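The primary structure of each chain is shown beneath.
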Amino acid sequence: VERPSKNWKSDMHWFNTADELSHEDGLRALYEGGFDTVLQGIGEKFGLDTLHVDSFGFVAVTNCDRGYIHTDWEGVGGRAFNFLLGISSAEDGGPELIVEDDKVGKGEMYYGTNAGVLVGDGTRHGTRECDHRDKRGVRITASIYLADPTEQNLDILAGDTTSVFPPTGDGPGKEWIWTQR
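Going along each chain's sequence as written, the residues are numbered from 1 onward. Totals for whole chains, interfaces and linings use every residue, but because this is a predicted model, local features are given only for residues with pLDDT of at least 70 and side-chain atom pairs only at 80 or more, for both listing and counting. With hydrogens and water set aside, each side-chain value is computed from the structure's full complement of heavy atoms.

### A closer look at unusual backbone geometry
The test is simple: A run of H or I in DSSP counts as a helix once it spans at least four residues, and a run of E counts as a strand once it spans at least two, with each numbered from the N terminus. When accessible area is computed with a 1.4 Å probe and restricted to protein chains, residues below 20% of their type maximum are described as buried, those above 50% as exposed, and intermediate ones as partly exposed.
Phi at D92 takes a positive value of approximately 55 degrees, unusual for a residue other than glycine. Its location among the elements puts D92 in the loop between β4 (80-88) and β5 (97-101). D92 sits in the exposed class, given a relative accessible area of 67%. Even without being glycine, R136 reaches a positive phi, approximately 55 degrees. Its place among the elements puts R136 in the loop between β9 (130-131) and β10 (139-147).

Structure follows, in structure tokens:
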């Protein structure tokens, strides 16, 4: 379980796999749920070679005073994504995700339970403001990081520190990511 830094202005917590065994268990569950079909569709749509699940977990939040606009990936050549899938939303909770750019501005959206939101290279986004505490509600979202490693993006992929597993850095991180191809 991880708690983001203070710039997030929320009680958000990330729950991620902590080791290879739990990662493999999660991959089996995703496979049994048909996620391999989702991967294949994304790979075909974007012309990717070896798209795989890099890491995954859940994000839970009951209160967010201000969404922290950020990017998950930059400079990966359009070959890494965060696939967000709503698991549970508080009743009457309103939109759940903010997405913005310089041309269109800011938009808000709901997570679907039968569809995901694919956040790609350079996509600025954040959790929308919410307060579900009075009704004891919680927003739970699956966050599935996808990657198609290349020699050009391997350093960036291996430098991602949003999860405990897979390993990061020059040695074990690069090696683990490259063997997933």
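### Overview of the environment of H70
What counts here: What makes two residues a contact is simply this: any of their non-hydrogen atoms within 4.5 Å.
Checked against the element boundaries, H70 lands in the loop between β3 (63-64) and β4. Exposure remark for H70: the relative accessible area of 15% places this residue in the buried category. Sequence spacing of H70 and R124 is 54 residues, and the spatial spacing of their C-alpha atoms is 5.2 Å. Other than its neighbours up to four places away in sequence, H70 contacts W8, T123, R124, H125 and G126.

### Topic: empty space enclosed by the protein
Worth spelling out the cut-off: Method remark: on a 1 Å grid restricted to protein atoms, a set of points is classed as a cavity if a 1.4 Å probe fits but cannot get out and as a pocket if it is open with protein on both sides within 12 Å along at least five of seven lines; lining residues have an atom within 4 Å of a point. Grid points are joined across faces, edges and corners, and a volume is the space filled by probe spheres set on the points. Under the convention adopted here, Pro, Cys and the residues Ala, Val, Leu, Ile, Met, Phe, Trp and Tyr are nonpolar, Asp, Glu, Lys and Arg are charged, and Gly plus all remaining residues are polar.
The full count for this structure, using the stated rule, is 1 cavity of 30 Å³ or more. In this structure, the largest cavity encloses a volume near 50 Å³. Forming the walls of the largest cavity are D54, L157, A158, D160, S163, P166, P167, T168 and I177. For the lining of the largest cavity, a count of residues per class yields 5 nonpolar, 2 polar and 2 charged.

### A word on a nonpolar patch on the surface
As a reminder, the rule being used: Each patch is built from residues that are more than 30% exposed by relative accessible area and take part in no salt bridge. Like charges join if they lie within 9 Å; nonpolar side chains (Val, Leu, Ile, Met, Phe, Trp, Tyr) join within 5 Å. Residue exposure ignores everything except the shown protein chains as possible cover, and the areas themselves are Shrake-Rupley values with a 1.4 Å probe. By salt bridge we mean one thing: a side-chain nitrogen of Lys or Arg within 4 Å of a carboxyl oxygen of Asp or Glu.
Nonpolar side chains collect at one region of the surface, where F15, F58 and I87 lie side by side and expose about 270 Å² of accessible area between them. As for its position among the elements, F58 is in strand β2 (residues 52-61).

### What to know about the side chain of T62
Worth spelling out the cut-off: Between N or O atoms, a polar contact is any pair within 3.5 Å; within protein, one atom must be a potential hydrogen donor and the other a potential acceptor, and residues adjacent in sequence are included only when both atoms are from side chains.
Mapped onto the fold, T62 is located in the loop between β2 and β3. At 2.2 Å, the side chain of T62 and the side chain of D11 are in polar contact. Beyond its immediate sequence surroundings of up to four residues, T62 is in contact with D11, C130, D131, H132, R133, G137 and V138.

### A short note on the environment of G75
Mapped onto the secondary structure, G75 falls in the loop between β3 and β4. Separated by 95 residues in the primary sequence, G75 and D170 have C-alpha atoms spaced 17 Å apart. Other than its neighbours up to four places away in sequence, G75 contacts D121 and I156.

### Digging into the sheet that holds β5
As a reminder, the rule being used: For two strands to pair, DSSP has to find at least two bridges joining them. As a rule, the C-alpha atoms of each element are fitted with a line to give its axis, helices using only the stretch in contact, and angles between N-to-C directions run from 0 to 180 degrees.
If you trace the 3 strands from one edge of the open sheet to the other, you get β6-β5-β8, paired in antiparallel fashion. Of all strands in the sheet, those with a lone pairing partner are β6 (105-109) and β8 (124-127), marking the two edges. On average, each strand axis in the sheet is tilted by 25 degrees relative to the strand beside it, whichever way the strands run. Pairing of β5 with β8 involves 4 bridges; the strand directions are antiparallel. Looking at β8, one finds that L97 is bridged to T127.

### Let's talk about the pattern of salt bridges
Going through the model one piece at a time under the given rule, you end up with 9 salt bridges. Residues R79 and D148 are paired through a salt bridge, measuring 2.1 Å at the closest nitrogen-oxygen approach. One end of the pair, R79, is in the loop between β3 and β4; the other, D148, is in the loop between β10 and α3 (154-158), with 69 residues separating them in the sequence. The exposure class assigned to D148 is buried, which follows from its relative accessible area of 0%. The shortest N-O distance in the salt bridge between K174 and D170 comes to 3.4 Å. Residue K174 and its partner D170 are located together in helix α4 (residues 169-179), separated by 4 residues, close to a single helical turn. Overall, D170 belongs to the exposed group, its relative accessible area being 61%. Here the salt bridges do not stand alone but share partners, grouping D49, R79 and D148 into one network.

Distances and angles like these do not, on their own, reveal function.
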